[in-house]
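Observations on the three-dimensional arrangement
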Amino acid sequence: RGAVNLHASLLPKYRGAAPVQHAILHGESQTGLSTFLIKKKVDTGDLLLQKTFYIESSTTTGEALEKLSYIGADLIIETLDGLSSNSITPRKQDDQSATLAPKIKIEDCKIDWNNSAENIHNQIRAFTPNPGAFTLYKNKRLKLFGSKIAKVERDVESRPGHINYKAPELLIGTGTKPININEIQLEGKKRLPASQFILG
């Protein structure tokens, strides 16, 4: 019957090595899983079954992958049962509506504080737990986790990249609203709550 693969997107969307990261990076509210027959060209084979997965605005790649692994296990069994009973008809993918999800590069993870709060929040979620969205502080790489878009207060300076600490909140200005950071990891150190990092 050929080989069956499980891919973490609703193919033909997000073909490639990092489908969940790219779905979160693009602010998608849903992605999913697809089983398909393997062809020589990556992620282009005929589709067997698909299942939708809804992404909440705070969901990280790590959280999504964990949930998808359980759903995926069930989908594989359902697919194999369907193939064995001939109840699944493989269907061709629409190559015209395909999008790509290439491997994540280090430059994808570097935060540009001139971007919108929403884009930066999506970037932090997409690269949590790894490789980690980062910024540079005193020439050292600083990874940021647990972001939340803050409500703008009149006395909060929100220039892109401006840091404002008001215990227990660490706010950083972006091209739009400030963003609240929960956890920080300095190069070569362990991940800490922002309040502990500030104390150190």
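The present account deals with the structure reproduced in this document. (Residues numbered from 1 in each chain as written. Predicted model: local features only at pLDDT ≥ 70, side-chain atom pairs only at ≥ 80, totals over all residues. Heavy atoms only, no water.)

The next thing to look at is the nonpolar core. Judged by nonpolar contacts, the single largest core of 36 residues is most densely connected at L68, I111, W113, I124, L144, I181 and I184. Ranked by residue count, the leading element in this core is helix α2 (residues 61-84), at 4 residues. Once residues lying within four places of it in the same chain are set aside, the contact partners of I184 are L142, K143, L144, L170, K190, R191, L192, A194 and F197. (Core = buried A, V, L, I, M, F, W, Y, C linked by side-chain atoms within 4.5 Å. Buried < 20%, exposed > 50% of the residue type's maximum accessible area, 1.4 Å probe, protein only. Helix = DSSP H or I, 4+ residues; strand = E, 2+ residues; numbered from the N terminus. Contact = heavy atoms within 4.5 Å.)

On to α2, then. Structural remark: α-helix, 3.6 residues per turn; residues separated by three or four positions point the same way. The end-to-end C-alpha distance of α2 is 33 Å, a good match for the 34 Å that 24 residues give at a rise of 1.5 Å each. Listing the buried residues of α2 in full gives T61, A64, L68, G72, L75, T79, G82 and L83. Against β1 (4-7), α1 (19-25), β2 (30-37), β3 (47-54) and α4 (117-126) lie the buried residues of α2. At the exit of α2 stands N86, carrying a positive phi of roughly 60°. (Expected span 1.5 Å × (residues − 1).)

Within this structure, the stated rule accounts for 0 aromatic pairs. The ring centre of F145 lies 3.8 Å from the NZ or CZ of R191, which sits over that ring. (Phe/Tyr/Trp six-rings, centres within 6.5 Å; stacked < 30°, edge-to-face > 60°. Lys NZ or Arg CZ within 6 Å of the ring centre and 35° of its normal.)

Right, let's get into the pattern of salt bridges. Per the counting criterion, the structure on display carries 4 salt bridges. R191 is the partner of E183 in a salt bridge, and the nearest nitrogen-oxygen pair spans 2.9 Å. On the basis of relative accessible area, R191 is assigned to the partly exposed category, the value being 33%. (Salt bridge = Lys/Arg side-chain N within 4 Å of Asp/Glu carboxyl O.)

This part is about the side chain of T35. Note on placement: T35 falls in strand β2. For T35, the side chain forms a polar contact with the side chain of T79, separated by 2.9 Å. Excluding anything up to four places from it in sequence, T35 contacts V4, N5, L6, L47, L48, L49, L75, I76 and T79. (Polar contact = N/O pair within 3.5 Å; in protein donor to acceptor, adjacent residues only side chain to side chain.)

This part takes up unusual backbone geometry. Between L11 and P12 the backbone carries a cis peptide bond, its omega angle lying at 15°. Take P12: it is sitting in the loop between β1 and α1. In the segment running from T128 into P129, the intervening peptide bond is cis, with an omega of 10°. One can find P129 in the loop between α4 and β4 (133-137). For Y14, which is not glycine, the phi dihedral falls at a positive 55°. Assignment of secondary structure puts Y14 in the loop between β1 and α1. For Y14, a relative accessible area of 7% translates into the label buried. Positive phi outside glycine occurs at N86, with the angle close to 60°. Within the fold, N86 resides in the loop between α2 and α3 (106-109). The exposure class of N86 is exposed, given its relative accessible area of 60%.

This part takes up the side chain of Q123. Counting through the fold element by element, Q123 comes out in helix α4. Using a relative accessible area of 7% as the deciding quantity, one classes Q123 as buried. In contact with Q123, other than residues within four places in its own chain, are L25, D108, C109, K110, I111 and A133.

Now for α4. Counting buried positions along α4 yields 8 of 10 residues, so the element is predominantly enclosed. Within the sequence span of α4, burial applies to A117, I120, H121, N122, Q123, I124, R125 and A126. Lining the buried residues of α4 we find α1, α2, α3, β4, β5 (140-149) and β8 (179-186).

Glancing now at the layout of surface pockets. One number sums up the size of the largest pocket: a volume of about 230 Å³. If you trace the largest pocket, you find 13 residues lining it, with Y137, L142, I163, I172 and F197 closest to the centre. Elements represented by at least two residues in the lining of the largest pocket include exactly β4, β5, β7 (169-172) and α5 (194-199). If you tally residues by element for the lining of the largest pocket, the top one is β4, at 3 residues. When the residues that make up the lining of the largest pocket are grouped by side-chain class, the tally is 11 nonpolar, 2 polar and no charged. (1 Å grid on protein atoms, 1.4 Å probe; cavity = no way out; pocket = protein on both sides within 12 Å on 5 of 7 lines; lining within 4 Å. Points joined across faces, edges and corners; volume = space filled by probe spheres on them. Nonpolar A, V, L, I, M, F, W, Y, C, P; charged D, E, K, R; others polar.)

These results come straight from atomic positions and should not be treated as a statement about function.
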